[in-house]
Amino acid sequence: MESTKVPVTGVGARRTLAALLALAGLALGAGAQPAPDAKPAKPNVRELYTKYEHRVAMRDGTRLFTSLYVPKTCDAPHPILLNRTPYSVGPYGVDQYRESLGPSEPFARAGFVVVYQDVRGRYMSEGTWTEVRPHVATRASPQDTDESTDTWDTIDWLVEHVPCNNGRVGMWGISYPGFYVSAGMIDAHPALKAVSPQAPVTDYYLGDDSFHNGAFMLAANFGFYTFFKPRPDEPRPPQDSLRFDYGTPSGYEFFLAMGPLWSGAEKHGLLDNVYYRNNLEHTSYDLFWRARSIWRHFRNLPPAVLAVGGWFDAEDLMGPLRTYRTIRAQSPAVANHLVMGPWTHGSWSRSEGNRVGNLDFGQPTAVWYREQVEWPFFKAHLVDAKPAPVAKATMFETGTNRWRQFDAWPPAAAEARSFYLREGGRLSPEAPGPAEAFDEYVSDPSRPVPYVGHVQIGMQGDYMTEDQRFAATRPDVLVYQTEVLDEDLTVLGPIGVTLHVSTSGTDSDFVVKVIDVYPGDLPTPEWKGKDEPRPANYVRLGGYQQLVRGEPFRGKFRRSFEQPEPFTPGQPDLIRFDLPDVAHTFRRGHRLMVQVQSSWFPLVDRNPQTFGDIPRAKPEDFRPATQRVFRSAARPSSITVTVEPQPWR
């Protein structure tokens, strides 16, 4: 048969592409019929693809290590899918193959060219890696490079050198690779037709991995940077290393004993990791973080966009939401889509998606997304096909456990409704009266409120569904709840928080949690997760206090994230912020609950409750403070939810 050759550069070796079998006939023998409910056979990557390795030169001469998986057949030109990552494109070696390719199985089954690239300065690529590398808006020379130019140069090489490609390229990536997708769609190469930033790092300070409303996400970042470290100057593959030894199964115990952030990092060797140290040196929204806010450059984007995220993503929940909203505002002509499912960080990519923690959704939500949204989106833009169009917003509504589609997010018909903190622990749609009133508690940094009710090291991936009954019993947690709901309450969109507070200190955190309280007589289903272990937090569901959404707010940033200000002790002040979006129905017979507290440990670092540079605080700076939350007509504290009108109302 006629063969086609791939031009090879750098470490790549010339190989022959032989036409072997038509892709359509690989899963089944000639004339064979699948069983009625049989799943298609998982694509065998080694049988279907030939692997190549290249060092692709960027415009400044830096060469980036790139692995190509090219189909062995060429019945028709193939589209290209590109994934750029700081986490290694391994396995390395042209005879070492990945077990799966692309976002999901249909892409390999359809014969897409799939490309993985070590980004600049990571593993086998040359150059210097910069965390969340800033975008260069004005370029005067080939030395003015960023992740947008590296993506452009890579795509330009691919469409020129990969045989039998159709000139159309797509990108996808989850978490940090999602950041590279976001950067690549700015000033995009003409061949880049469709992109899917999934749980993308979009603004480390404003709600992604590092800071939430000025509060440092301690457990996740400490754990991550114990293994994600700077690479030596020369390219090299991943090296074996010892895992960090916490010396205890209790993260609460470990981080409390660690003490203040700076001395704790010094004690455990993390000051030598510049990536972790950046978080301790830049605790406000300064030029360092603003330069890394990739969403500020989402203007006039050429490719179609599918932003994907999980409602229970403990790392990058805000990334897809901010991406969708910014593109909608700044690039209204773009085919802009959003998907949010009931998933933890990245779990939509390979899992079934039936459950998170104690929540069972009764269906394989991740499978449905991959087959009914992700695959049709890329197919529509990268091949000559007309699949069913993907909705502007495809959202899984928890509580009722159903997929819904909207023309925009939040939906235009949703209405704002406020619930006020009232006397006796009530949460009411009726505003409080004129009499001055407040509730108070003592927050002690030496005894912070834990974020889960059991022993756990680091950040528990599914904490965002965690039962909150353990917290409701603490004297340093205020609890407010509605009467039993007599009809469903469907919340679609962000949740606004208004708190009138005072503190006896000069700085304090205020954590607000919105909770779905289940009926006390709700039965607990028998555990049927035969293919997965029963979760450590498995509990009875009668009276379950399911965390729906929770966020901290560092009080000194109540005026501005750029310029912190101390509190005046005892003086009432105002804090306003939004909790990230939800799509959740509080069912009839349930209650809506709000909890307010001043620590959430060790998910969030401890606030010493004295104004200053928190990472460099001394042990004596950590002092108890009396916190007051006001609830009067003059100083009403409330949450405001975006509610879907019920059709029968």
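Undergrad: So what exactly am I meant to see when it comes to unusual backbone geometry here?
TA: Negative phi characterises most residues that are not glycine, and trans characterises most peptide bonds. Look at the link from G90 to P91: it is a cis peptide, with omega at 10°. Positionally, P91 belongs in the loop between β5 (78–85) and α2 (105–109). At the junction of W409 and P410, the peptide bond is cis and its omega measures out at -10° in the coordinates. Its place among the elements puts P410 in the loop between β16 (402–406) and β17 (415–421). Positive phi values are uncommon outside glycine, yet C164 reaches one of about 60°. The residue C164 is located in the loop between α3 (147–161) and β7 (165–174) in this model.

Undergrad: Sorry, what's going on with the state of the cysteines here?
TA: One covalent bond between the sulfur atoms of two cysteine residues makes up a disulfide. Enumeration according to the criterion identifies 1 disulfide in this entry. Note on cysteine connectivity: C74 is disulfide-linked to C164, with sulfurs 1.5 Å apart. As the torsion about the S-S bond is roughly 75°, the C74-C164 disulfide counts as right-handed. Here C74 is found in the loop between β4 (63–71) and β5, whereas its partner C164 is found in the loop between α3 and β7, with 90 residues between them in sequence. Its relative accessible area of 23% is what places C164 among the partly exposed residues.

Undergrad: What am I meant to see in the packing of aromatic side chains here?
TA: Describing an aromatic ring pair means giving the distance of the ring centres and the angle of the ring planes. Scanning the model with the defined rule gives 60 aromatic pairs in all. Relative to F112, the ring of F107 lies with its centre 5.4 Å away and its plane at 90°, an arrangement referred to as edge-to-face. You'll find F107 and F112 in the same group, each marked buried. Judged by centre distance (5.0 Å) and plane angle (80°), the ring pair of W129 and Y275 falls under edge-to-face. Of this pair, W129 sits in the loop between β6 (113–118) and α3 while Y275 sits in helix α8 (residues 274–281), and the two are 146 residues apart along the sequence. For the pair W129 and Y275, one class covers both residues: buried.

Undergrad: Is there a simple way to explain the packing of helix α5 (residues 218–225) against α8 in this structure?
TA: Helix packing geometry: the angle between the two helix axes and the distance between the axes. At a closest axis distance of 9 Å, the pairing of α5 and α8 adopts a crossing angle of 155°. Put simply, α5 runs roughly antiparallel to α8. Along the contact surface, α5 presents L218, N221, F222 and Y225, while α8 presents Y275, Y276 and N279. Residues of the contact of α5 with α8, tallied by class, amount to 5 nonpolar, 2 polar and no charged.

Undergrad: Honestly, the sheet that holds strand β22 (residues 509–517) in this entry has me stumped. Any pointers?
TA: Sheets are built from strands paired through backbone hydrogen bonds, the pairs being either parallel or antiparallel. Taken together, the 4 strands give an open sheet; going across it, the order is β20-β25-β22-β23, and neighbouring strands pair in antiparallel fashion. The open sheet has two edge strands with one neighbour each: β20 (478–481) and β23 (545–554). Pairwise comparison of adjacent strand axes, ignoring direction, gives a mean angle of 15° for this sheet. In the sheet, β22 pairs with β23 via 9 bridges, with the strands oriented antiparallel. Following the sheet pairing, K513 is matched in β23 by G550.

Undergrad: When you look at the nonpolar core in this model, what are you seeing that I'm missing?
TA: Among soluble globular proteins, nonpolar side chains are generally buried collectively. One finds L218, F222, F255, Y276, W311, W409 and Y463 to be the most contacted residues of the largest nonpolar core, which totals 138 residues. In terms of nonpolar packing, the next biggest core, distinct from the first, is built from 31 residues, V501, F553, F577 and L592 among them.

Undergrad: Before we go on, may I ask you to explain the pairing of strand β21 (residues 489–503) in this structure?
TA: Looking down a regular strand, the side chains alternate between one sheet face and the other. Counting buried positions over the 15 residues of β21 gives 14, a clear majority of the element. Two elements, β21 and strand β27 (residues 638–643), share 4 bridges in a ladder whose sense is antiparallel. Among the inter-strand pairings, V491 is bridged to a residue of β27, identified as V643. Across 3 bridges, the pairing between β21 and strand β26 (residues 625–630) is antiparallel. Following the sheet pairing, V501 is matched in β26 by V629.

Undergrad: Sorry, what's going on with helix α4 (residues 176–184) here?
TA: Because each turn of an α-helix spans 3.6 residues, side chains separated by three or four positions in sequence point in the same direction. The buried fraction of α4 is high, at 9 of 9 residues. Buried within α4 are the following residues: Y176, P177, G178, F179, Y180, V181, S182, A183 and G184. Residues of α4 that are buried make contact with β5, α3, β7 and β8 (192–198).

Reading the values: rules and limits
- Residues numbered from 1 in each chain as written.
- Predicted model: local features only at pLDDT ≥ 70, side-chain atom pairs only at ≥ 80, totals over all residues.
- Heavy atoms only, no water.
- Helix = DSSP H or I, 4+ residues; strand = E, 2+ residues; numbered from the N terminus.
- Disulfide = S-S within 2.5 Å.
- Buried < 20%, exposed > 50% of the residue type's maximum accessible area, 1.4 Å probe, protein only.
- Phe/Tyr/Trp six-rings, centres within 6.5 Å; stacked < 30°, edge-to-face > 60°.
- Axes fitted to C-alpha atoms, helices over the stretch in contact; angles between N-to-C directions.
- Parallel < 35°, antiparallel > 145°, perpendicular 65-115°, else oblique.
- Contact = heavy atoms within 4.5 Å.
- Nonpolar A, V, L, I, M, F, W, Y, C, P; charged D, E, K, R; others polar.
- Pairing = 2+ DSSP bridges.
- Core = buried A, V, L, I, M, F, W, Y, C linked by side-chain atoms within 4.5 Å.

Limitation: the analysis is restricted to geometry and does not speak to function.
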